[in-house]
Amino acid sequence: MVDTETFVPEAVAEIEDEIGDANAVIALSGGVDSSVAAALAYESIGDQLTPVYVDTGLMRKGETDQIRETFDYMESLRIVDAKDRFLEALAGVTDPEEKRAVIGEQFIREFEREAKDADADYLVQGTIYPDRIESEGGIKSHHNVGGLPDVVDFDGIVEPVRDLYKDEVREVARHLGLDEIVAERMPFPGPGLAVRVIGEVTEEKLEVARLACHVVEEELEEYEPWQALAAVIGKATGVKGDNRVHGWVVSVRSVESRDGMTARAQEIDWETLQRIQSRITGGHENVARVVYDVTHKPPATIEYE
């Protein structure tokens with residue numbers, strides 16, 4: 001485990017050394033990785049930091065309101081409504097890696113605009129060690145690693161938690177006194193719900209995925225999963241009322257892990273699974289069925305794309 005007493009002052013000093021008297025923007029998503037990176041950067045350079053939260057339209061239920069409440073102590077926090085731009089950029093895109101590349105580029109372009117307004121030369125990100133390993137190994141690209149465009153209009157990118165695993169980042173969050181809802185929050189992918197929608201990203205698929213993920217996180221909280229999620233994986237026939245429908249298939253996934261490099265599917269009791277399917281199928285008229293994923297990592301990845 002990380003020695004927080006040593007890591008925090010070293011990280012703070014490193015950020016100050018890298019950025020100096022310049023200004024920076026932080027890629028703030030509300031997850032534990034970017035929140036810790038933001039807290040470290042804020043402690044290091046204070047008002048030189050502009051935290052930027054981009055509402056991509058790909059976020060969890062209530063995410064934007066929670067960000068506004070959690071980080072209101074950072075007076076320079078900017079919330080950017082970019083939903084329409086992201087969905088337009090993703091229109092017609094079905095390949096998982098192309099999705100990540102499109103989202104990564106759009107993220108950077110949003111930050112470039114905000115950085116220009118803030119006169120910022122540096123971008124701070126919450127990249128952690130498994131992100132780098134999986135990107136370098138070709139398993140998948142991350143929007144803040146392999147998904148970056150070839151040209152980025154910053155003097156440098158600062159990644160203060162790049163050598164930490166997820167559980168170590170949580171230790172740092174607790175040391176920094178971050179809210180429990182941030183420190184203990186389960187992982188959420190940088191590309192958001194886009195990688196929990198198989199194929200093209202549409203508003204209806206996002207609506208289903210957002211509802212389903214919210215239900216899953218609520219219902220499985222007592223199991224203390226490393227990560228629990230739901231994904232829209234296709235369509236199948238079903239019956240709603242007296243009508244035959246061709247509706248969405250939602251796959252539920254819950255895993256145990258230490259660092260995300262490997263994971264085991266959790267055993268969930270039948271009553272809980274039935275309650276989940278009832279809430280999801282009852283919560284959206286176009287959901288036809290719900291299935292549970294029992295595949296470990298490997299051979300599967302935790303996310304679907």
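Each chain has its residues counted from 1, running along the sequence as written. Reporting of local features is limited, given that this is a predicted model, to residues whose pLDDT is at least 70; pairs of side-chain atoms are given and counted only at 80 or more, and all residues count toward the totals for whole chains, interfaces and linings. Side-chain metrics in this entry use all non-hydrogen atoms of the structure; hydrogen atoms and water are not considered.

Points about the pattern of salt bridges
Thought 1: Any carboxyl oxygen of Asp or Glu within 4 Å of a side-chain nitrogen of Lys or Arg constitutes a salt bridge here. Within the structure shown, the criterion is met by 22 salt bridges.
Thought 2: Glu305 is paired through a salt bridge with Lys99; the nearest N and O atoms lie 2.6 Å apart. Remark: Lys99 occurs in helix α5 (residues 96–118) and Glu305 occurs in the segment after β9 (287–292); sequence separation between them is 206 residues.
Thought 3: Arg279 is paired through a salt bridge with Glu219; the nearest N and O atoms lie 2.9 Å apart. Remark: Glu219 occurs in helix α9 (residues 203–219) and Arg279 occurs in helix α10 (residues 270–283); sequence separation between them is 60 residues.
Thought 4: It is possible to trace a salt-bridge network through shared partners that takes in Glu218, Glu219, Glu271, Arg275 and Arg279. What counts as a helix is a DSSP run of H or I of at least four residues, what counts as a strand is a run of E of at least two, and both are numbered from the N terminus.

Considerations on the domain arrangement of the protein
Thought 1: Taken domain by domain, the protein consists of domain 1 (4–182) and domain 2 (192–292).
Thought 2: In this document the domain limits rely on a domain assignment from an automatic tool or a database. Here domain 1 and domain 2 have C-alpha centroids that lie 27 Å from each other.
Thought 3: Taking both sides of the interface into account, the surface hidden between domain 1 and domain 2 amounts to around 1700 Å²; carbon and sulfur atoms contribute 59%.
Thought 4: Inspection of the region where domain 1 meets domain 2 yields 3 salt bridges.
Thought 5: A salt bridge links Lys83 to Glu203; the shortest N-O distance between them is 3.3 Å.
Thought 6: As used in this structure description, the phrase polar contact means that two N or O atoms lie within 3.5 Å; if the pair is within protein, one of them must be able to donate a hydrogen and the other to accept it, and residues adjacent in sequence are counted only when both atoms belong to side chains. Counting the contacts that link domain 1 with domain 2 gives 9 residue pairs in polar contact (both at pLDDT 80 or more).
Thought 7: Residue assignment for the side of domain 1 that touches domain 2 shows that the elements contributing at least two residues are α4 (83–90), α5, α6 (129–136) and α7 (166–176).
Thought 8: Amino acids outside the nonpolar list (Ala, Val, Leu, Ile, Met, Phe, Trp, Tyr, Cys, Pro) and the charged list (Asp, Glu, Lys, Arg) are all regarded as polar, and Gly is one of them. A breakdown of the residues in the side of domain 1 that touches domain 2 according to their chemical character gives 10 nonpolar, 3 polar and 8 charged. Buried area adds together the accessible area that both of two parts lose upon being put together, with accessible area traced by a 1.4 Å probe.

Description of the UniProt feature "binding site: ATP" (unreviewed entry) in the protein
Thought 1: If you check UniProt for "binding site: ATP" (unreviewed entry), the listed places come out as Ser29, Gly30, Gly31, Val32, Asp33, Ser34 and Ser35 in our numbering.
Thought 2: By secondary structure assignment, the location of Gly30 is in the loop between β1 (24–27) and α2 (32–45).
Thought 3: To sort residues, take the accessible area from a 1.4 Å probe on protein chains only and compare it with the maximum for the residue type: under 20% means buried, over 50% means exposed, and anything in between is partly exposed. Here Gly30 falls in the buried class, since its relative accessible area comes to 2%.
Thought 4: Dropping the residues within four chain positions of it, Gly30 is found in contact with Ser35, Ile67, Phe71, Val182 and Arg185.
Thought 5: As for its position among the elements, Gly31 is in the loop between β1 and α2. UniProt positions are given in the numbering used here, feature names are shortened, and annotations may be inferred rather than shown by experiment. Should any heavy atoms of two residues lie within 4.5 Å, those residues are considered in contact.

With respect to the layout of surface pockets
Thought 1: Using a grid of 1 Å spacing that covers the protein atoms alone, one calls a set of points a cavity when a 1.4 Å probe fits there but cannot get out, and a pocket when the set is open and has protein on both sides within 12 Å along at least five of seven lines; lining residues are those with an atom within 4 Å of a point. Grid points are joined across faces, edges and corners, and a volume is the space filled by probe spheres set on the points. The space that makes up the largest pocket amounts to roughly 790 Å³.
Thought 2: In terms of lining, the largest pocket is formed by 22 residues, of which the most central are Glu184, Arg185, Met186, Glu217 and Glu221.
Thought 3: Elements with a contribution of two residues or more to the lining of the largest pocket: α7, α8 (180–183) and α9.
Thought 4: Here the lining of the largest pocket gets 5 residues from one element, more than from any other, and that element is α9.
Thought 5: Looking at the lining of the largest pocket residue by residue, the class counts come to 5 nonpolar, 2 polar and 15 charged.
Thought 6: Taken as a whole, the second largest pocket encloses approximately 190 Å³ of empty space.
Thought 7: Around the second largest pocket, the lining comprises 15 residues; the ones closest to its centre are Asp55, Gly57, Met59, Lys83 and Arg210.
Thought 8: Of all the elements in the fold, those that place two or more residues in the lining of the second largest pocket are α3 (63–70) and α9.
Thought 9: Per-element accounting of the lining of the second largest pocket gives the leading share, 4 residues, to α9.
Thought 10: Per-class residue counts for the lining of the second largest pocket are 3 nonpolar, 3 polar and 9 charged.
Thought 11: Both domains that furnish three or more residues to the lining of the second largest pocket are identified here as domain 1 (4–182) and domain 2 (192–292).

Quick word on unusual backbone geometry
Thought 1: A cis geometry characterises the amide bond from Lys297 onward to Pro298, with omega recorded as -10 degrees.
Thought 2: Note on placement: Pro298 falls in the segment after β9.
Thought 3: A cis amide bond links Pro298 to the next residue, Pro299, at an omega of 15 degrees.
Thought 4: The residue Pro299 is located in the segment after β9 in this model.
Thought 5: A positive phi is found at Asp119, a non-glycine position, where the angle reads about 55 degrees.
Thought 6: You can see Asp119 is positioned in the loop between α5 and β4 (122–124).
Thought 7: With phi around 50 degrees, Glu224 is a residue other than glycine that occupies positive phi space.
Thought 8: Assignment of secondary structure puts Glu224 in the loop between α9 and β6 (227–240).

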